[in-house]
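# Breakdown of the fold
Now for the letters of each chain:
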Amino acid sequence: MAEPMNPLAGASGPGKYAVRSDKLNMGSTSYGEGVETQEIKSGAPLSTTPDVKGQAPSKFREDLMQSSVTPLNAPTQRPGEPITAGIDMGPGPGSSVLMMQKNTVKLSDSLAAMLPYDTTGEIAVLYQEALSQGN
């Protein structure tokens, strides 16, 4: 087994310099050292990585062609819907149909909450600027 890592050494290196942290020796088992670690490891089965194999490019292409992806140059499937549907301009429903919540908190309110923690004065400057612009 590998020896325990020195915590002052920092992170493990890349590639061939890497040290697996899941196989490290957590001390000798004499005088009960490591017993707790072994008990923890035996409490539940360790996960395994399933055997994942890639799909052949031809099979992937075949599956893609059979899916319901609409080609870019296909005629529209919604002829009665304006192109501006879902945005707040032009004909059609606005962004409210997307059921997305709009931000109702003003920038100055967010900055005001940070003022007690501002040790440099930078938040105070941003807060004053946001107030002057009505944000």
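Heads up: the structure comes first, above all this text.
Summary of the structure given here. (Residues numbered from 1 in each chain as written. Predicted model: local features only at pLDDT ≥ 70, side-chain atom pairs only at ≥ 80, totals over all residues. Heavy atoms only, no water.)

What follows deals with the overall build of the protein chain. Across its full length, the protein chain carries four helices and zero strands. Across the 135 residues in the protein chain, those meeting the buried criterion constitute 8%. Look at the contacts in the protein chain between residues 6 or more apart in sequence, and 9% of them connect residues 24 or more apart. Element-wise, carbon and sulfur atoms account for 58% of the exposed surface of the protein chain, whose accessible area totals about 12200 Å². (Helix = DSSP H or I, 4+ residues; strand = E, 2+ residues; numbered from the N terminus. Buried < 20%, exposed > 50% of the residue type's maximum accessible area, 1.4 Å probe, protein only. Contact = heavy atoms within 4.5 Å. Areas by Shrake-Rupley, 256 points an atom, 1.4 Å probe, with all protein chains shown as cover.)

One can find S95 in the loop between helix 2 (57-66) and helix 3 (107-114). The buried category is assigned to S95, whose relative accessible area is 18%. Every residue in contact with S95, bar those within four places of it in the chain, is listed here: G86, I87, D88 and K102.

Another point: the packing of helix 3 against helix 4 (residues 122-133). The geometry of helix 3 relative to helix 4 is characterised by a closest axis approach of 9 Å and an angle of 155° between their N-to-C directions. By the angle between their directions, the pair helix 3 and helix 4 is classed as roughly antiparallel. Both helix 3 and helix 4 take part in a crossing whose hand is left-handed. Every residue of helix 4 that contacts helix 3 at L107, S108, L111, A112 and M114 is listed here: I123, L126, Y127, A130 and L131. Each residue belonging to the contact of helix 3 with helix 4 can be placed in one class, and the counts come to nine nonpolar, one polar and no charged. (Axes fitted to C-alpha atoms, helices over the stretch in contact; angles between N-to-C directions. Parallel < 35°, antiparallel > 145°, perpendicular 65-115°, else oblique. Left-handed = near helix turned anticlockwise from the far one by under 90°. Nonpolar A, V, L, I, M, F, W, Y, C, P; charged D, E, K, R; others polar.)

Counted under the stated rule, the structure contains one salt bridge. Measuring nitrogen to oxygen at the nearest pair gives 3.5 Å for the salt bridge that ties R78 to E81. (Salt bridge = Lys/Arg side-chain N within 4 Å of Asp/Glu carboxyl O.)

Examined against the element boundaries, D109 turns out to sit in helix 3. Accessibility expressed as a relative area gives 46% for D109, which makes it partly exposed. Separated by 18 residues in sequence, D109 and Y127 place their C-alpha atoms 8.4 Å apart.

What follows is about the environment of T120. Within the secondary structure layout, T120 lies in the loop between helix 3 and helix 4. Exposure remark for T120: the relative accessible area of 57% places this residue in the exposed category. Only 3.4 Å separates the side chain of T120 from the backbone nitrogen of E122, close enough to count as a polar contact. (Polar contact = N/O pair within 3.5 Å; in protein donor to acceptor, adjacent residues only side chain to side chain.)

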